[in-house]
Every structure is written in structure tokens, then in C-alpha cells.
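Structural features, examined
For reference, the chains in residue letters:
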Amino acid sequence: MAEEVKTGEEEKQQQINKTAAFDLNDFTIIKEGEAEILMHAKNQVFFNRTQVNNRDMSIAVLRAFISKRKEEHKAFVSKRMKKKASKVTENNASEVEAPVKVTNGSSNGACEPSEEITEGEPCSTSDEPKKTFEGKGQGELKPPRVLEALSASGLRALRYAREIEGIGQVVALDNDKASVEACRRNIKFNGSVASAKVESHLVDARVYMLTHPKEFDVVDLDPYGAPSVFLDSAVQSIADGGLLMCTATDMAVLCGGNGEVCYSKYGSYPLRGKYCHEMALRILLACIESHANRYKRYIVPVLSVQMDFYVRVFVRVYTSASAMKNTPLKLSYVYQCIGCDSFHLQPIGRTVSKNTSVRYLPGFGPVVPQECSDCGKKYNMGGPIWSAPIHDQDWVTSILSEVKAMKDRYPAYERIYAILTTISEELPDVPLYLSLHNLCATLKCTSPSAIIFKSAVINAGYRISGTHVNPLGLKSDAPMDVIWDIMRCWVKNHPVKAQSPDQSGSVILAKEPVLQANFARAVASLSQSQAKKVARFLPNPERHWGPKLRAGRTITSKHVSLLGADAVNGILNNDEQESEEPQAKRKKTEDPTSVS
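A few points on the structure. Fair warning: this is a prediction, and the values are worked out from it, not measured in the lab.

Basis of the calculations
- Residues numbered from 1 in each chain as written.
- Predicted model: local features only at pLDDT ≥ 70, side-chain atom pairs only at ≥ 80, totals over all residues.
- Heavy atoms only, no water.
- Helix = DSSP H or I, 4+ residues; strand = E, 2+ residues; numbered from the N terminus.
- Buried < 20%, exposed > 50% of the residue type's maximum accessible area, 1.4 Å probe, protein only.
- Contact = heavy atoms within 4.5 Å.
- Areas by Shrake-Rupley, 256 points an atom, 1.4 Å probe, with all protein chains shown as cover.
- Phe/Tyr/Trp six-rings, centres within 6.5 Å; stacked < 30°, edge-to-face > 60°.
- Lys NZ or Arg CZ within 6 Å of the ring centre and 35° of its normal.
- Core = buried A, V, L, I, M, F, W, Y, C linked by side-chain atoms within 4.5 Å.
- Polar contact = N/O pair within 3.5 Å; in protein donor to acceptor, adjacent residues only side chain to side chain.

Our focus in this paragraph is the overall build of the chain. For the chain, the helix and strand inventory stands at 21 helices and 17 strands. When burial is assessed residue by residue, the chain has 45% of its 596 residues classed as buried. Across the chain, contacts joining residues at least 24 apart in sequence account for 69% of those joining residues at least 6 apart. Accessible surface, the chain as shown: approximately 31,000 Å² in total, 52% of it carbon and sulfur.

Before going further, it helps to examine the packing of aromatic side chains. All told, the structure shown has seven aromatic pairs when counted by the stated rule. When the centroid spacing of 5.8 Å and the interplanar angle of 65° are considered together, the rings of Trp 490 and Phe 519 count as edge-to-face. Of this pair, Trp 490 sits in helix 17 (residues 480-493) while Phe 519 sits in the loop between helix 18 (504-509) and helix 19 (528-531), and the two are 29 residues apart along the sequence. Geometry around Phe 364 places Arg 350 over its ring, the cationic atom sitting 3.6 Å from the centre.

On to the nonpolar core. Counting 83 residues, the largest nonpolar core has Leu 221, Leu 244, Ile 288 and Phe 453 as its most contacted members. Take this core: its biggest share by element is eleven residues, from helix 11 (residues 276-293). In this structure Leu 221 touches Ala 149, Met 209, Phe 230, Leu 231, Ala 234, Leu 244, Met 245, Cys 246, Thr 247 and Arg 312, once residues within four positions along its chain are discounted. Judged by nonpolar contacts, the second largest core, of 48 residues, contains Ala 35, Met 57, Leu 303 and Ile 423.

The next thing to look at is the environment of Thr 319. One can find Thr 319 in strand 9 (residues 310-319). Taking the C-alpha atoms as reference points, Thr 319 and Asp 240, separated by 79 residues in sequence, lie 6.2 Å from one another. Here the side chain of Thr 319 touches Arg 297 through a polar contact of 2.9 Å, side chain to side chain.

If you want it as C-alpha cells, here you go:
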């Protein structure tokens, strides 16, 4: 067995040495955070510079996870010690009660001998019980093991190893030989710290995760496209209470461009509402929960983000057959009117409590009639989606303060700080959001300012906030009939032109408002970040800021919109020069006059 391990180590070392032989002139050194990687001029290994936001956010969440994990372990050990101490005390009390006699109603804190106690027997206030529970149960917390399932150049794994204090082993996987070679080259290039903590394997991530159940405290999934094929094995490889970080970049599918494809991949049908990007987040969470439930596990989201061209979720995975029964309470179907875009949620399940028992029953329905009560049009039905909170506000506050304290260590500090600030002000228990401009487009009226509309909702006795997904989006627990009453009152003060009576806006405005809206400015209509003038939605740092080409794909003139004209022309010119040089050499050797 020892010989086999030794042989495996030798092979690994030979592979690393093989990748070490390279010419630095053929590579460009890319530095991000504290890590540096070597990138070949050709598009051999996938690297996306725009994902710096993704990597920075992941590092921030990982730091918070390590801190929370230590706190939880400390609390667990403390609770365990107290339990053992109380058990020892009870045992000692039961042993002492019979033989000890108390004179004059008090023992004065000392053990008095009785007929049953011999001279050589020790007093019951011995220190031995303390040694018993001090020596056991204090399991030392090991550094978290991280699995990066799709490593490509290895930049993410290297940043984890070099920048996060308290991180353990980082295992980087890829099933592309060029990527693994590049990753091993970059590990060696980043010095002893990286070499000690990061290891790279040429293997199918799904197979590796299935054969290493509950071995990793953190699993990072950041595929090129949909992560759905990796989820089943990912939820099995995470230790209880571990963290799953998952990215989905197939936004066209998740946002309703191909509903049937989304259903086949994620088990949910998307709707093309203004809230489609948040719905994409909730579809991904519902899909992860579905995969976890198959193994008596469930998820608890700590942070869910939509930014740039993708969605990214951070969830903790736990095992509990009883807690898993609550899953139908966290999922809902969505009914969206095809006329006025009003939406309503239909929970899948409900509970009925009687004394100490809880019964799980199907949800009541339908929550909507056949035709929209506001405009009379039909409904589209989508889902199921995750309708429970998608963030843990304690985590968000903790991450935000940590990011602010270490801003020099985040290359994309301004962007992630802006996103986290907006998330910290979101209503956590309100799924999806309204678009003020969309409401006005339905009624064909001028739009009130966000502050005026928020004030009307707050004055009506409801809550409202912004959303990190859309600068024009508004989350509110006000029902749709209240929202439309506020808009009817607004239109009365700001009349619109006459419309066709069959238009959705005409039908809505034909009804008299039940609620008389109060547009007086409310104090809470301006968030703290707005009051402090903290930037919440930043523009892209440069043109063509978006997803890049898959590794190995030939770059042509049609990729100008993705890469920019200068970058594409530079690459094409280099390719032409490289193709001309071999031809010139061939002509030179074939020329008979050159041979003496």
C-alpha cells in the first residue's frame, strides 16, 4: 500500500515537473488579488476577467463562513461540556445522597463521614469528574477543505489559498488536459504557499464528488453555462453544515427565453416578467433544494446575487429528514397576468398545528380566478420557485463590515460593496419585485418618482424597499389591488389620454380606487445608503464587459461585440502572422537555388 502511494506521488511530481518546462515569453502574467497566473496568447484555457466580482464575493463569503464555523463549533463544544458537567453532577449527587448524613440541617460545604463510608474512601467533591469531561469531547476544528469543481486556469483556487486565513486544502478539478496543465503550472508559479495548499486533478468533477461523499466543507461550482448536471453529486460531497457556492450563466434559459429548456434543466418553468432575474435566482435555489432532498438534506441560503451576466448563490447544506419536510412551505408557483403583469404566489404546501403535533398538507388554491381581477386578462403560470428568504441578513451585515474593513484586499471592492449595501436594505421576506416603469407603461401615464411611490405605499401601512437586481425594481408586501389603487390616485392628479376600452390600462383606470393614496413624503422612503449618497448601482468599468468565449474556440470577426474590435483585430493579425511564417520557411527550404 505504501509503495502504491509513493508511486502515485512520484507520478504527480513528474507531471508537475513536466508542466514546469515553459518559456515565459509565450505567456502573459495576469495578477488578481495576491495570485498570479500565466495565460497563453491563444484561447487554450478559459479565463474571464469580468468574473473578478464573482471571485471577490466568494472570498468575502468564505471568510464569513470560516468565522461563523468557528463560532458554531465553540458554541457546540461549550454546550456539550455543560451537558457532560450536569450529567456528572447528577451522578455524583445520586451517589452522595445515600451515604452522607447532614447534622443540624447543613453540611457547611464539607463531607462528613457516615457509617457507610470507610476511612480510605475519597470525599465526593473530588476533581476527577472535571478531568473526565475536560479530556473528552473537545474535538479540534480542522481547517475547511475546499473543492473547486471546474478550475480552468486555477486562479480562483489560488486566490482562496493565498488570501483566506484559516483555509485548508483546496482541490482543483478539471477534465480538460490543457486546463490541468495550466493549473499545475500556475500553482508552481505562485510559490510554496500555493504548492502546499492547492492540488490539481484531471478528472470528471461529478465522479470525483460522488466518490468523496461529505468530505468537503466548501464546494464551488462555476461552470460555463448551466450547473444543473453537477448539483446531484455536489450536494452529496458537502459535509453537514458545509457551504455550496454555485453560479449559473445561462441567463437566457433561466429568464424565460427557452422555458422548455429551463424546465428540463432546472425542473421549473420561468416567466418573462420584469422580475425575471430574481426569478432566475429562485429557480436555481429550488433546483438545489430538490437535489438535496433526495438525500434527506436541505439548504439554507445565506446570500444570493444577480450581477453582470449571471446569478450566484451561497447556501449551507444540512442533513435532517424531519426538517426536509418543510420544503413545500418554501416553494411556490407564480401566476402572472398577461395583460397588466400583476403576479401572485401559490405556496405548494402548508402546515396545521394541533397541540405539539404538526401536519403537512397541500396548499390551498387557487389563489387567483381564471381571469385577472384587475384587468380581466388570463394568467400564465410559472415555477415552482424558492419563495422563502434568499439572504441571511446577519450574514450580509457580517460580510459587509468585513469587506469594508479589508477593502484594499478586494480588486472589485466598489462593485461588491455597492451590491452588498443594496442587499442589506432589501425586504428579506418578499419574493420578486415590481417595476415602477412597467406599471406606468401599462397605464400609459407619466411615472412618479420612486420616493413619491414609496411614500404612498408606506403611508398606506405597507413596507417597501429596493432590490439589488434592478435599480428600478421595488419590493413590497402590499397586494396588487393596493398598488393599482395608488396608481389610480396618481393618474387622477396626472391625467392620461383616452385609450381603447379593451386595453388593460383602460380597464384598470375604469375602476374607482378603494384606497385613497397619500403621496406626502415619508421619512422611510429614502434608504440609509441613499441618504448617505452611497453608490448602489455602478456602471461597467469598461466596454465589452461581459462573458468571454469558451476555451479552445476560434476567435473570428463575429466576436467583436464580446471582445471589442481592437482585441479581435489583434488576435486575427497574430494568427495571420503565425500562418505566414511557416509558409515562408517552407518556400525557402524548397528553393533549389538555396541548396549548395
